[in-house]
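Tertiary structure, described
As a plain string of letters, each chain reads:
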Amino acid sequence: MASSKHVLLLAAVAAVVCLASLASATQWVVGDECGWRAKFNQTGWADGKTFVVGDTLLFKYPKGKHTVVQVGEEDFATCNHDDDDNQLGAWCSGHDVMRLEKPGKMWFICTKRNHCLKGMKLAIDVVDDDDVAPPPPPVITFPFPGAAPPPPPFSWPGSPPPPPFGWPFPGTALPPPPPKSAAVRNLVSGAVATAAAAVVAAALAF
Ligand SMILES: [Cu+2]
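Below is a summary of the structure that appears in this document. (Residues numbered from 1 in each chain as written. Predicted model: local features only at pLDDT ≥ 70, side-chain atom pairs only at ≥ 80, totals over all residues.)

1. Some remarks on the overall build of the protein
- In terms of regular secondary structure, the protein is built from four helices and eight strands.
- Ordered by position from the N terminus, the helices and strands of the protein form the series α-β-α-β-β-β-α-β-β-β-β-α.
- The buried share among the 206 residues of the protein stands at 15%.
- In the protein, the share of contacts with a sequence separation of at least 24, taken over all contacts with a separation of at least 6, comes to 73%. (Helix = DSSP H or I, 4+ residues; strand = E, 2+ residues; numbered from the N terminus. Buried ≥ 20, exposed ≤ 12 C-beta atoms within 10 Å, placed from the backbone. Contact = placed C-beta atoms within 7 Å.)

The following block contains the structure:
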């Protein structure tokens, strides 16, 4: 029982590894659905694409109508394909697949009359696998409201926090303090008068 589980686990791991290796290599169909064609816009198609060592290019075109020839930078610029020595590679099957073996620039042109001069050329920059940043991990979102990040503790960052009790509340203002000095003065004068009256009363009694 345990061994069959282990076999299944190993098979699953192997499948994942195979899928990962397949996913890491891309086959680029040059020109996408339009294929390798006259007046091919070399900059437009390759823009924004990252060609990695191990990827493949697929040139699709009607056999006999075009060719694919790899040349150097200078011959690419001048569309020079007269000299066979300048050709780093040549294909003409109409379904030409080439693997990108090493990092660096690659230049391809069509050698049919005037095709290159009219823009049927492709320049790509192949990068090493190590230079390609891995894609960011998928962002996992939780649909539960409770899993939402808590709101910030204060909605007025930068301003001073409110007083802890929210004071002053309306209607709870303290009454104005009594005129203490006057009250004390009244008390003192009252006591003095009382004492004086007692002294007068005592004197009259004798
Ligand atoms: Cu052509």
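Read on for the rest.
2. As for the nonpolar core
- Among the nonpolar cores identified, the biggest contains 20 residues, and Trp36, Phe59, Val68, Phe108 and Ile109 are the most heavily contacted of them.
- Every element with two or more residues in this core is listed here: strand S3 (56-60), strand S4 (68-71), strand S7 (104-109) and strand S8 (121-127).
- Aside from chain neighbours lying at most four places away, what touches phenylalanine 59 is Val30, Trp36, Val68, Trp91 and Asp96. (Core = buried A, V, L, I, M, F, W, Y, C linked by C-beta atoms within 7 Å.)

3. What to know about the sheet that holds S4
- One open sheet accounts for five strands, arranged S2-S8-S7-S4-S5; its pairing is mixed. Edge strands, defined here as strands with exactly one partner in the open sheet, are strand S2 (51-52) and strand S5 (89-91).
- Examined bridge by bridge, S4 and S5 share three bridges and lie antiparallel to one another. Residue pairing for S5: valine 69 is matched across the bridge by alanine 90. (Pairing = 2+ DSSP bridges.)

4. Remarks on the pairing of S3
- The alternating pattern of S3 places Leu57 and Phe59 on a buried face and Thr56, Leu58 and Lys60 on a face that is not buried.
- Note: strand S1 (residues 27-29) against S3, three bridges, orientation parallel. Counted as the bridge partner of tryptophan 28 is leucine 57 from S3.
- Two elements, S3 and strand S6 (residues 95-99), share five bridges in a ladder whose sense is antiparallel. Its bridge partner lying in S6, phenylalanine 59 is registered against aspartate 96.

5. Comments concerning the environment of lysine 39
- Assignment of secondary structure puts lysine 39 in the loop between S1 and helix H2 (42-46).
- Excluding its chain neighbours within four sequence positions, the residues that come into contact with lysine 39 are Lys118, Gly119 and Met120.

6. Considering the sheet that holds S1
- Here three strands make up an open sheet; going across it, the order is S1-S3-S6 and the pairing mixed. Strand pairing shows two members of the sheet lacking a second neighbour, S1 and S6, which therefore form its edges. Taking each pair of neighbouring strands and ignoring which way they run, the sheet shows an average axis angle of 20°. (Axes fitted to C-alpha atoms, helices over the stretch in contact; angles between N-to-C directions.)

7. Points about the environment of alanine 46
- Looking at where alanine 46 falls in the secondary structure, it is placed in helix H2.
- Given 16 C-beta atoms within a 10 Å radius, alanine 46 is considered partly exposed.
- Spatially, the C-alpha atom of alanine 46 lies 7.8 Å from that of leucine 122, the residues being 76 residues apart in sequence.
- Apart from the residues lying within four places of it in its own chain, the contact partners of alanine 46 are Leu122, Ala123 and Ile124.

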